[in-house]
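Below are the chains, spelled out letter by letter.
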Amino acid sequence: MKKTTKIVDFARRYPLSVALIVVIWVLCLIPTFPETPLDNFSLIDKWTHLVMYGTLVAVIWWEYLRQHRTNSLGSLNAKRLFLWAFLAPVTMGGLVELAQAYCTAGRRSGDWFDFLANSVGVVLGTLIGILLAVFRAKGRTDT
């Protein structure tokens, strides 16, 4: 299978995950945001990063579980989930911060605390994903 065919197949199987990845990159690289009433909340930027990455990872898990009709937690591909639903989003969070620091001509700045918030979001999204898998497996064994 050609590489482009694999990418297209992946995008068809995981459309929401791909869309969220694109949205996150766009939001993180646009030059500025208009002011909103939320700007008055303490650490709103960090909460935004946490929610973006937590949502992304929870959606990755949901789409994975939808694509792989598993009957038990043991039948999940733990290595694949660790790579694509944990390590890849953490890495993306770091790359986004580096891109903000070095590729936006000073209009955006990379922030290690944003990277930390991204990573905490990944951990929370992973916990949500594990809960989804547990409830899914429990529901399949109860019937």
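Located above this text is the structure these notes cover.
The following paragraphs examine the structure supplied in this document. (Residues numbered from 1 in each chain as written. Predicted model: local features only at pLDDT ≥ 70, side-chain atom pairs only at ≥ 80, totals over all residues. Heavy atoms only, no water.)

For the rest of this paragraph, the subject is the packing of aromatic side chains. Two aromatic rings, taken as a pair, are described by how far apart their centres are and by the angle between their planes. Throughout the structure, instances matching the rule amount to three aromatic pairs. Aromatic pair Phe 82 and Phe 86: ring centres 5.6 Å apart, planes at 20°, arrangement stacked. Taken as a pair, Phe 82 and Phe 86 lie in helix H4 (residues 78–102) at a separation of four residues, close to a single helical turn. A relative accessible area of 26% means that Phe 86 is categorised as partly exposed. Where Trp 112 meets Phe 115, the ring centres are 5.9 Å apart and the plane angle is 85°; that geometry is what we call edge-to-face. Highlighted residues: Trp 112 and Phe 115, both in helix H5 (residues 112–142), separated by three residues, approximately one helical turn. The class for Trp 112 is exposed, based on a relative accessible area of 63%. (Phe/Tyr/Trp six-rings, centres within 6.5 Å; stacked < 30°, edge-to-face > 60°. Helix = DSSP H or I, 4+ residues; strand = E, 2+ residues; numbered from the N terminus. Buried < 20%, exposed > 50% of the residue type's maximum accessible area, 1.4 Å probe, protein only.)

Let us look at a nonpolar patch on the surface. Nonpolar side chains collect at one region of the surface, where Leu 73, Phe 113, Leu 116, Val 120, Val 123, Leu 124, Leu 127, Ile 130 and Val 134 lie side by side and expose about 760 Å² of accessible area between them. Residue placement: Val 123 occurs in helix H5. (Patch = residues over 30% accessible without salt bridge, like charges linked within 9 Å, V, L, I, M, F, W, Y side chains within 5 Å. Areas by Shrake-Rupley, 256 points an atom, 1.4 Å probe, with all protein chains shown as cover. Salt bridge = Lys/Arg side-chain N within 4 Å of Asp/Glu carboxyl O.)

What follows is about the environment of Gly 74. Examined against the element boundaries, Gly 74 turns out to sit in the loop between helix H3 (44–67) and H4. Since its relative accessible area comes to 74%, Gly 74 is described here as exposed. Distance in space between the C-alpha atoms of Gly 74 and Ala 137 is 9.5 Å, their sequence separation being 63 residues.

Turning next to the nonpolar core. Ile 24, Tyr 53, Trp 61, Tyr 64, Leu 76, Leu 81 and Met 92 are the most contacted members of the largest nonpolar core, which totals 19 residues. Put simply, the parts of the chain that give this core at least two residues each are helix H2 (15–29), H3, H4 and H5. Counting residues per element, this core draws most heavily on H3, at eight residues. If we ignore the near neighbours within four places in the chain, the residues touching Met 92 are Ile 21, Ile 24, Trp 25, Tyr 53 and Leu 56. (Core = buried A, V, L, I, M, F, W, Y, C linked by side-chain atoms within 4.5 Å. Contact = heavy atoms within 4.5 Å.)

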